[in-house]
There are 2 protein chains.
Amino acid sequence: YAPTRCAAVQTSVEQSILPPCHHHEAVHDPQLVPCTCPLFSCPWEGHLEVVVSHLRQTHRINILQGAEIVFLATDMHLPAPTDWIIMHSCLGHQFLLVLRKQEKYEGHPQFFATMMLIGTPTQADNFTYRLELNRNQRRLKWEATPRSVLECVDSVISDGDCLVLNTSLAQLFSDNGSLAIGIAITTSKVHNAEDKM
Amino acid sequence: YAPTRCAAVQTSVEQSILPPCHHHEAVHDPQLVPCTCPLFSCPWEGHLEVVVSHLRQTHRINILQGAEIVFLATDMHLPAPTDWIIMHSCLGHQFLLVLRKQEKYEGHPQFFATMMLIGTPTQADNFTYRLELNRNQRRLKWEATPRSVLECVDSVISDGDCLVLNTSLAQLFSDNGSLAIGIAITTSKVHNAEDKM
């Protein structure tokens, strides 16, 4: 599998002061999204239908096909903030995996991974995504409902409502500086019964 | 299931300066362990065979039976450092679940959960433990080989080689201030094939 990574963009913009998501609150069309490649300062805006071609053509984001794929994020040692991004085509939709290395606490970079549907929040509710790390006799699985790219990936990550890895754990799951993330998408089942453990 | 919690002990001892584990390096008998109830300043030492009765009698730690159990950790809002501890009797052995709230980064408490076998490291290698959180349409699973209580729970936690939860994620998985942790122990299978994803 060919790893794809958004180039490491050193940003000095304090995200909590100037959230890049706010600027689409002002537009008329609620389906008009800014560029979803988070750490790029990309001025692009467009409708949902053309997000995929923008990401492919402008940012060279790869698409992987299949219900279960493995995304290999290389060069995990790159300094924060860095994003690794891949598109995942599955069940008739395109999903965006964002793996971000970020220093939420100064001097302590962490990794945050989440999936966004390139579609509406209502469509996103129909799916469940699973991220799985498996190495060195350790296994970590995160399952959740994807967010829509109409929402804000930065807030998902700053809320920590995603797979979160400390550097030490990321190293345990890495092989030669690369992290293999197993990704699976399924249509949602009713979670209510399971919630009542 | 009755929740059991080691009372919240406010400790001002800097663990990296004075690790409580060091003092068993000096003893003659390598199977002599200090009290494994981590945040208590308990002077007790004894052989593996009597650790369980010490924990039950002195620290009132409960034992839950069964291959799969649910441990309900209550009062997750208590200030760090706090430990929640339960013993799990399963497959002819006793395991110790330690859930710790700790401020690795000042002002940002995190939760760390791991299982230790009340037995030797060689015995521990025969098992796999799984911790699972499941709520609000999110699921997080951590699987690993338990450590032996002859090793040091503090180093497992400071290395982050365990289930790690940010406060925000702990809240998403909590119900009314309580965190239900599904625990399962199995005998180890060979992970090598799975490691080569």
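Procedures and definitions
- Residues numbered from 1 in each chain as written.
- Chains lettered and ligands numbered in written order.
- Predicted model: local features only at pLDDT ≥ 70, side-chain atom pairs only at ≥ 80, totals over all residues.
- Heavy atoms only, no water.
- Buried < 20%, exposed > 50% of the residue type's maximum accessible area, 1.4 Å probe, protein only.
- Helix = DSSP H or I, 4+ residues; strand = E, 2+ residues; numbered from the N terminus.
- Arc of directions from axis to C-beta.
- Contact = heavy atoms within 4.5 Å.
- Phe/Tyr/Trp six-rings, centres within 6.5 Å; stacked < 30°, edge-to-face > 60°.
- Buried area = accessible area lost by both parts, 1.4 Å probe.
- Salt bridge = Lys/Arg side-chain N within 4 Å of Asp/Glu carboxyl O.
- Polar contact = N/O pair within 3.5 Å; in protein donor to acceptor, adjacent residues only side chain to side chain.
- Nonpolar A, V, L, I, M, F, W, Y, C, P; charged D, E, K, R; others polar.
- Least-squares fit on C-alpha atoms with pLDDT ≥ 70 in both.

Before going further, it helps to spend a moment on helix H1 (residues 51-59) of chain B. All names here are of chain B. Considered for burial, the residues of H1 that qualify are Val51, Val52, His54, Leu55 and His59. When H1 is viewed along its axis, its buried side chains cluster within an angular range of 165° and face the same direction. If you follow the buried residues of H1, they end up packed against strand S1 (32-34), strand S2 (45-47), strand S3 (63-65), strand S5 (82-90) and strand S6 (93-105). Of the residues one or two after H1, Arg60 is the one with positive phi, at around 55°.

Another point: the packing of aromatic side chains. Here the structure, examined in full by the defined rule, presents 7 aromatic pairs over all chains. Centre to centre, the rings of A:Tyr105 and B:Tyr105 are 4.6 Å apart; their planes meet at 40°, and the pair counts as tilted. Separated into two different chains, A:Tyr105 in strand S6 (residues 93-105) and B:Tyr105 in strand S6 make up a pair that spans both. Here B:Tyr105 falls in the buried class, since its relative accessible area comes to 9%. Aromatic pair A:Phe173 and B:Trp142: ring centres 6.3 Å apart, planes at 90°, arrangement edge-to-face. In this pair, A:Phe173 sits in helix H4 (residues 167-173) while B:Trp142 sits in strand S9 (residues 138-144), so the two residues belong to two different chains. Classification of A:Phe173 by relative accessible area gives buried; the value is 3%.

Turning our eyes to something else, we now look at the interface of chain B and chain A. The interface of chain B with chain A comprises 36 residues on the first partner and 35 residues on the second. Taken over both partners, the interface formed by chain B and chain A buries close to 3,200 Å², and the fraction arising from carbon and sulfur atoms is 49%. Our enumeration of links across chain B and chain A arrives at 2 salt bridges. Measuring nitrogen to oxygen at the nearest pair gives 2.7 Å for the salt bridge that ties A:Asp161 to B:Arg138. In this structure, the connection of chain B to chain A is made through 7 residue pairs in polar contact (both at pLDDT 80 or more). Within the residue set of the side of chain B that touches chain A, elements represented by two or more residues are S6, strand S7 (108-117), strand S8 (127-135), S9, strand S11 (163-166), helix H4 (167-173), strand S13 (178-187) and helix H5 (192-195) of chain B. The dominant element in the side of chain B that touches chain A, judged by the number of residues it contributes, is S9(B), at 7 residues. Residue classes in the side of chain B that touches chain A are distributed as 13 nonpolar, 11 polar and 12 charged.

Below, the discussion takes up the relation of the copies chain B and chain A. Each copy superposes on the other: chain B lies on chain A with an RMSD of 0.0 Å after a rotation of 180° and an axial shift of 0.0 Å. Both copies are brought into coincidence by an operation consistent with a two-fold rotation axis. It is B:Lys141 whose C-alpha, among those of chain B, lies nearest the rotation axis, at 2.5 Å. The overlap is high: 97% of the interface residues of chain B also sit at the interface in chain A, so the same surface is used on both sides.

Of note, the amide linkage connecting A:Ala80 to A:Pro81 takes the cis form, showing an omega dihedral of -5°. Among the structural elements, A:Pro81 can be located in the loop between strand S4 (68-73) and strand S5 (82-90). Despite not being glycine, B:Asp75 has its phi angle at roughly 55°, a positive value. In this fold, B:Asp75 is placed in the loop between strand S4 (68-73) and S5. With a phi close to 55°, B:Leu91 is a non-glycine residue in the positive phi region. Structurally, B:Leu91 is set in the loop between S5 and S6.

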